[in-house]
Structures are given as C-alpha cells and as structure tokens.
Amino acid sequence: MSTAILGEDGLARCPWGVSAPDYVAYHDEEWGRPVRDDRGLYERLCLEAFQSGLSWLTILRKREGFRAAFAGFDLEKVAAFDASDVERLMADAAIVRNRAKIEAAIANARAALDLPGGLAATVWRYADPDAPAPRTTADVPASTPGSQALAKELKKHGFRFVGPTTVYALMQACGLVDDHLVDCHRRGAYR
C-alpha cells in the first residue's frame, strides 16, 4: 500500500509518478488535468487503448509518433483512413503496430463523429469530481460504476477497445476523477 513519495525536488507524488523522468513530467503537467475537447479526448482514448497490455512509459515515449501517424488525432482525417492507411500504420515503427488497435482507432474516430453532442459532451457526463481521495495506491480502483456505464455507452455507439478499465484510465488521465493520492502535491490542483 504505497502512499505519495517525495521526489528529488521535495514534492510528494503518486508512486508511479516518480519512477522515470517521463512519468514525473506526465504526472505533474498532464495526468488529471481536465481535457474537454473532442480531439484531446480522442487522443487520450486512443493512447489508453494502445497501452492495453503494455507499459504506459512505452506509449509516452511513442506519443509523438502516434500524433504523426494519426494526423494529430484529427477526427475527420482519421475517420477517412482506409485499408492503405492501416497497412501504412502497420509498417510504422514509431507506434505500437497492432492491427486490431489501429482499426479500433479508426473506427473510434468515425464513432466519435457520429456521437450526438460530440465525444467531450458524452464523456464529461460521467465525471465524478467528488470521488473520495485515495490515501494509498490500493484505494485506486481499476474501474468504477461510472467507467462501466461510460464504456457501455461508447460500445453502444460503435467504439472498440473501451472496456471499463481502459475507460477509467481515460477518466483519470483527463480529469473526470482526481485519483492523485491525498498527500500528492497535484491532488485538487485542477479544481
């Protein structure tokens, strides 16, 4: 049961946020900061899906490659990708080359464009800003009733690779919940 850990700079962080310089930057500058636009949420959803089964550090280090490969995560551009784009992406060493995840990213762009009100409006209906502050990493759930409901809604609209755990990771990353530990210096920073 890990509590926040003091970094070399004297700031208390969630334990995962001190394990590598990439994580420190991501933890301090991005994770948990509200993302309220369709493109930003689509990017994070794609990255969370690609992360499934892999280290998040791998995804962070390939992030610029993903942005280049997926047209800056522009929904309309990705939705227009075809079979030749899938093959191009399968040959791109700058990203995770998994056909099912690549095809899901394209399908999810199309589904996001068809969502009534858009992706941000749909996702933010499931925000839980008053979730209890976790004291230890053991208090942080893998999924919640909210992530289960959002995953179900996204699947209903044709999204893929959006299970409750992946969706909860999206909710954490994009500020729909604040899962910084209670003694982490970022806890409550984005309210």
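Rules behind the numbers
- Residues numbered from 1 in each chain as written.
- Predicted model: local features only at pLDDT ≥ 70, side-chain atom pairs only at ≥ 80, totals over all residues.
- Heavy atoms only, no water.
- Axes fitted to C-alpha atoms, helices over the stretch in contact; angles between N-to-C directions.
- Helix = DSSP H or I, 4+ residues; strand = E, 2+ residues; numbered from the N terminus.
- Parallel < 35°, antiparallel > 145°, perpendicular 65-115°, else oblique.
- Left-handed = near helix turned anticlockwise from the far one by under 90°.
- Contact = heavy atoms within 4.5 Å.
- Nonpolar A, V, L, I, M, F, W, Y, C, P; charged D, E, K, R; others polar.
- UniProt positions renumbered as here; feature names shortened; annotations may be inferred.
- Buried < 20%, exposed > 50% of the residue type's maximum accessible area, 1.4 Å probe, protein only.

As recorded in an unreviewed UniProt entry, the chain goes by the name DNA-3-methyladenine glycosylase I, listed as coming from Actinomadura rubrobrunea.

(A) Just the packing of helix H2 (residues 38-51) against helix H3 (residues 56-69), in detail. Packing of H2 against H3 leaves a shortest axis separation of 10 Å and a crossing angle of 130 degrees. The orientation of H2 with respect to H3, classified from their angle, is oblique. At the point where H2 passes H3, the crossing takes the right-handed sense. Along its contact with H2, which presents Glu43, Arg44, Leu47, Glu48, Phe50 and Gln51, the element H3 presents Trp56, Ile59, Arg63, Phe66 and Arg67. Partitioning the contact of H2 with H3 into residue classes produces 5 nonpolar, 1 polar and 5 charged.

(B) Expanded view of the UniProt feature "binding site: Zn(2+)" (unreviewed entry) in the chain. As annotated in UniProt, the feature "binding site: Zn(2+)" (unreviewed entry) corresponds to Cys14, His27, His180 and Cys184 in the numbering used here. Across 171 residues in sequence, these annotated residues keep their C-alpha atoms within 10.3 Å of one another, forming a single compact spot. Along the chain, Cys14 turns up in the loop between strand S2 (12-13) and helix H1 (21-29). By relative accessible area, Cys14 is classed as buried at 2%. With residues near it in sequence (within four places) discarded, Cys14 still touches His27, Asp179, His180, Leu181 and Cys184. Relative to the helices and strands, His27 resides in helix H1.

(C) Spotlight on the environment of Ala91. Mapped onto the elements of the fold, Ala91 is located in the loop between helix H5 (83-90) and helix H6 (99-114). Of the residues examined, Ala91 reaches a relative accessible area of 59% and is grouped as exposed. Distance from Ala91 to Arg44, taken between C-alpha atoms, is 22 Å for residues 47 residues apart in sequence.

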